[in-house]
Amino acid sequence: MEINLNRGMPGMPPLPNQLPTLLLLLGGGAIFLGLLLFLNEWLLRWLVASLFCVVGAVLVLTGLRAKRMLG
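Below is a summary of the structure that appears in this document. Here the structure is a predicted model, which is why all the values come from computation and not from measurement.

### Remarks on the overall build of the protein
Inference 1: If you tally the helices and strands in the protein, you get two helices and zero strands.
Inference 2: Looking at the protein as shown, the accessible area adds up to about 7,000 Å², and 75% of this sits on carbon and sulfur atoms.

### Brief notes about helix α2 (residues 41-70)
Inference 1: An ideal rise of 1.5 Å per residue puts 44 Å on 30 residues; α2 measures up with 44 Å between its terminal C-alpha atoms.
Inference 2: Counting buried positions over the 30 residues of α2 gives one, only a small fraction of the element.
Inference 3: Trailing α2 by a residue or two, G71 shows a phi angle of about 100°, which is positive.

### A closer look at a nonpolar patch on the surface
Inference 1: A contiguous nonpolar patch, built from I31, L35, F38 and L39 and spanning about 510 Å² of accessible area, is present on the exposed surface.
Inference 2: Take L35: it is sitting in helix α1 (residues 19-39).

### With respect to the packing of α1 against α2
Two quantities define a packed helix pair, namely the angle between the helix axes and the distance between the axes.
Inference 1: Packing of α1 against α2 brings their axes to within 5 Å, and their N-to-C directions diverge by 120°. Across the interface between the two elements, L33, L36, L37 and L39 from α1 touch E41, L43, L44 and L47 from α2.
Inference 2: Its residues assigned to classes, the contact of α1 with α2 comprises seven nonpolar, no polar and one charged.

What counts and how
Residues numbered from 1 in each chain as written. Predicted model: local features only at pLDDT ≥ 70, side-chain atom pairs only at ≥ 80, totals over all residues. Heavy atoms only, no water. Helix = DSSP H or I, 4+ residues; strand = E, 2+ residues; numbered from the N terminus. Areas by Shrake-Rupley, 256 points an atom, 1.4 Å probe, with all protein chains shown as cover. Expected span 1.5 Å × (residues − 1). Buried < 20%, exposed > 50% of the residue type's maximum accessible area, 1.4 Å probe, protein only. Patch = residues over 30% accessible without salt bridge, like charges linked within 9 Å, V, L, I, M, F, W, Y side chains within 5 Å. Salt bridge = Lys/Arg side-chain N within 4 Å of Asp/Glu carboxyl O. Axes fitted to C-alpha atoms, helices over the stretch in contact; angles between N-to-C directions. Contact = heavy atoms within 4.5 Å. Nonpolar A, V, L, I, M, F, W, Y, C, P; charged D, E, K, R; others polar.

Here it is, written out as structure tokens:
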């Protein structure tokens, strides 16, 4: 049974042609990052700390923009 993914279902957009390549690259990158974390445990600390810094910065910038919008 062959399923034609280019046609798709009615009302649904077709799958992009680059999807398999994108998934392969993301999967390879995740494997590479996992191997790096196995070899360097300090990298995990830096990644988690930088994630908290980025989330905090986004929250602060959102708060500043909301304060400016309210006057």
